[in-house]
Each structure stands twice: as C-alpha cells, then as structure tokens.
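# Structure assessment
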Amino acid sequence: MPSPPSKERAQVVFGATLRSLRESRALTQQALAERADLHTNYVSSVERGERNLSLHNIVRLAYALDVEVSVLLRPLDKCQQS
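### Remarks on the overall build of the protein
Assigned secondary structure in the protein consists of 5 helices and 0 strands. Helices (α) and strands (β) of the protein occur, in sequence order from the N terminus, as α-α-α-α-α. Relative to a compact globule of 82 residues, whose C-alpha radius of gyration would be 12 Å, the protein shows 12 Å and is just as compact. Overall size of the protein, expressed as C-alpha extent along the three principal axes, is 40 × 20 × 20 Å. Counting across all 82 residues of the protein, residues that qualify as buried make up 37%. In the protein, the share of contacts with a sequence separation of at least 24, taken over all contacts with a separation of at least 6, comes to 55%. Of the roughly 5,300 Å² of accessible surface on the protein, 50% is carried by carbon and sulfur atoms. Measuring between centres, the 11 positive side-chain charges of the protein sit 3 Å from its 9 negative side-chain charges.

Structure representation (structure tokens):
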C-alpha cells in the first residue's frame, strides 16, 4: 500500500493545482480571494504551499473557481500519484 504524501508535499501539490485552475480562468489572486471571501495574502501563501487549509477554505476556493471540490483534491489521490 502506498504511503500518503507528506504534509508539505500535499500543500505544494494543492497550491500548484489551485494556481493552475486560477490562471486557466484568467483570474488574479486578488479576484479569486474576493470571490472566496479570503485575503489575497492567504491565497498567495496557499499557492506557494505554505498553508495547511481547512476543509471550509478548500470548499470556498472550489466554489470561487466554479469547480467541484474533488477537482482541487484529485491530484492528491493515491491513484494519481506517480
């Protein structure tokens, strides 16, 4: 059975996924933060992999991006790991 990614690796992968989705929608960090009712500095630190998000904030970001919550988490699924 594969082991889960470290906390740090999970944060980096999540942040990269968030950034990719945000950029694909031509949103700035500020625009995403406003849609999610979060601070711009918080979104920036999430994208850099510096934050361990709460479930509530993950949901807020997914709704702000108009994607299913699972889309943000999918890259962390064990079947997606290489």
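Read on for the rest.
### Concerning the packing of helix H2 (residues 29-36) against helix H4 (residues 55-65)
Two packed helices can be described by the angle between their axes and the distance between those axes. As a packed pair, H2 and H4 sit with axes 8 Å apart at the nearest point and diverge in direction by 110°. In terms of their interaxial angle, H2 and H4 are classed as roughly perpendicular. Crossing of H2 against H4: the hand is right-handed. Between H2 and H4, the residues in contact are Leu32, Arg35 and Ala36 and Arg60, Leu61, Ala64 and Leu65, respectively. Of the residues contributing to the contact of H2 with H4, the split by class is 5 nonpolar, no polar and 2 charged.

Each value, and the rule that gives it
Residues numbered from 1 in each chain as written. Predicted model: local features only at pLDDT ≥ 70, side-chain atom pairs only at ≥ 80, totals over all residues. Heavy atoms only, no water. Helix = DSSP H or I, 4+ residues; strand = E, 2+ residues; numbered from the N terminus. Rg over C-alpha atoms; globule rule 2.2 N^0.38 Å. Buried < 20%, exposed > 50% of the residue type's maximum accessible area, 1.4 Å probe, protein only. Contact = heavy atoms within 4.5 Å. Areas by Shrake-Rupley, 256 points an atom, 1.4 Å probe, with all protein chains shown as cover. Lys, Arg positive; Asp, Glu negative; His and termini not counted. Charge placed at Lys NZ, Arg CZ, Asp CG, Glu CD. Axes fitted to C-alpha atoms, helices over the stretch in contact; angles between N-to-C directions. Parallel < 35°, antiparallel > 145°, perpendicular 65-115°, else oblique. Left-handed = near helix turned anticlockwise from the far one by under 90°. Nonpolar A, V, L, I, M, F, W, Y, C, P; charged D, E, K, R; others polar.

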